[in-house]
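Summary of structural features
Letter by letter, the chains look like this.
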Amino acid sequence: GNLNGQADTIRGLANIDRMRGRYIAAVKRFNRALTLYKQTGNLNGQADTIRGLANIDRIQGCNEMAVERYNLALALYEQTGNLNGQADAFRGLADIDGNQDRYGMAVERFNRALALYERTGNLNGQADTIRGLADVDGIQDRYGMAVERFNRALTLYKQTGNLMGQARTMWGLALLADAH
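The text that follows walks through the structure, step by step, so that each part is easy to find. Keep in mind that what you see is a predicted model, and the values were worked out from it rather than measured. (Residues numbered from 1 in each chain as written. Predicted model: local features only at pLDDT ≥ 70, side-chain atom pairs only at ≥ 80, totals over all residues. Heavy atoms only, no water.)

What follows deals with the overall build of the chain. For the chain, the count of helices and strands is 9 helices and 0 strands. Sequence-ordered secondary structure for the chain, helices as α and strands as β, is α-α-α-α-α-α-α-α-α. Taken over C-alpha atoms, the radius of gyration comes to 17 Å for the chain, in line with the 16 Å a tight globule of 180 residues would show. Along the three orthogonal principal directions, the C-alpha set of the chain runs to about 55 × 30 × 30 Å. Residue burial in the chain is summarised as follows: out of 180 residues, 44% are buried. (Helix = DSSP H or I, 4+ residues; strand = E, 2+ residues; numbered from the N terminus. Rg over C-alpha atoms; globule rule 2.2 N^0.38 Å. Buried < 20%, exposed > 50% of the residue type's maximum accessible area, 1.4 Å probe, protein only.)

Okay, structure coming up:
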């Protein structure tokens, strides 16, 4: 059969498992998809799958493994010229930096991601990244900048009809207002 198609389907199911918090099932599926992508030499598929594993590592607080995987995915994305993939990997790394109080590095990586998303016209990616920058601003008591960025993200999410993004951004604004 079509191994890439099978791998895409398995990776899709793994992402659903991840979103539902079924991490053990997700990891098994990601690993199965990764094996198939390696058999076909599909580097973007491999990178997307490795990034999926990195996301689970990050969620579970396994930051060293997550960083290793995000960097591996980044290298594969650079090899294939996949700018959105590179941006996604930078955003994952930035999230870890932020969680570990390395705000300067987080901002640097968010900005790299943002520049790549702007080049590809990926509005949801731009909004997610701007929201990440707003979170860092809020943590560092740059209230005005945080509000400005949250509002910019909200505008982009409205343009794309991304209701989850809008909700998360409104939540960010609410937390900010509550803290000030």
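From this point, the narrative continues.
A few words on the packing of helix α8 (residues 143–160) against helix α9 (residues 163–179). At a closest axis distance of 9 Å, the pairing of α8 and α9 adopts a crossing angle of 165°. When the interaxial angle is binned, α8 and α9 end up roughly antiparallel. The interaxial crossing formed by α8 with α9 has left-handed handedness. Residues Y143, A146, V147, F150, N151, A153, L154, Y157 and K158 of α8 touch α9, and the partners they reach there are G165, Q166, T169, M170, G172, L173, L176 and A177. Counted by class, the contact of α8 with α9 contains 11 nonpolar, 5 polar and 1 charged residues. (Axes fitted to C-alpha atoms, helices over the stretch in contact; angles between N-to-C directions. Parallel < 35°, antiparallel > 145°, perpendicular 65-115°, else oblique. Left-handed = near helix turned anticlockwise from the far one by under 90°. Contact = heavy atoms within 4.5 Å. Nonpolar A, V, L, I, M, F, W, Y, C, P; charged D, E, K, R; others polar.)

Proximity of charged atoms lets side chains of opposite charge pair with each other. The final tally for this structure, using the stated rule, is 15 salt bridges. Between R51 and D88 there is a salt bridge; the shortest N-O distance is 3.4 Å. One end of the pair, R51, is in helix α3 (residues 43–59); the other, D88, is in helix α5 (residues 83–99), and 37 residues separate them in sequence. Residues R51 and D88 agree in their burial class; the two are buried. Connected through salt bridges with shared partners, the residues D8, R11, D48, R51, D88, R91, D128 and R131 form a single ionic network. (Salt bridge = Lys/Arg side-chain N within 4 Å of Asp/Glu carboxyl O.)

With 17 residues, helix α7 (residues 123–139) extends 24 Å from end C-alpha to end C-alpha; this agrees with the ideal 24 Å at 1.5 Å per step. Taken residue by residue, α7 has G125, Q126, A127, T129, I130, R131, G132, L133, A134, V136, D137 and G138 as its buried positions. The elements touched by buried residues of α7 are α5, α6 (103–120), α8 and α9. Capping of α7 at its N-terminal end is provided by N122; its side-chain oxygen lies 3.3 Å from the backbone amide nitrogen of N124. D141, located one to two residues past α7, shows a positive phi value of around 60°. (Expected span 1.5 Å × (residues − 1). Polar contact = N/O pair within 3.5 Å; in protein donor to acceptor, adjacent residues only side chain to side chain.)

What follows covers α3. Spanning 17 residues, α3 covers 24 Å between terminal C-alpha atoms, matching the ideal 24 Å at 1.5 Å per step. Among the 17 residues in α3, 12 count as buried, and that is most of the element. All of the buried residues along α3 are G45, Q46, A47, T49, I50, R51, G52, L53, A54, N55, I56 and D57. Elements in contact with the buried residues of α3: α1 (3–19), α2 (23–40), α4 (63–80) and α5. Where α3 starts, the residue carrying a side-chain oxygen 3.2 Å from the main-chain nitrogen of N44 turns out to be N42. The positive-phi residue at the C-terminal boundary of α3 is G61, with phi of around 80°.

Here the focus is the nonpolar core. Across soluble globular proteins, you tend to see nonpolar side chains buried next to one another. Formed by A94, Y103, A106, F110, L114, A127, I130, L133, V136, A153, L156 and Y157, the largest nonpolar core amounts to 12 residues. Mapped by element, the contributors of at least two residues to this core are α6, α7 and α8. Apart from the residues lying within four places of it in its own chain, the contact partners of V136 are Y103, A106, V107, F110 and R142. Counting residues in hydrophobic clusters, the runner-up holds 7 residues, among them A87, A89, F90 and L116. (Core = buried A, V, L, I, M, F, W, Y, C linked by side-chain atoms within 4.5 Å.)

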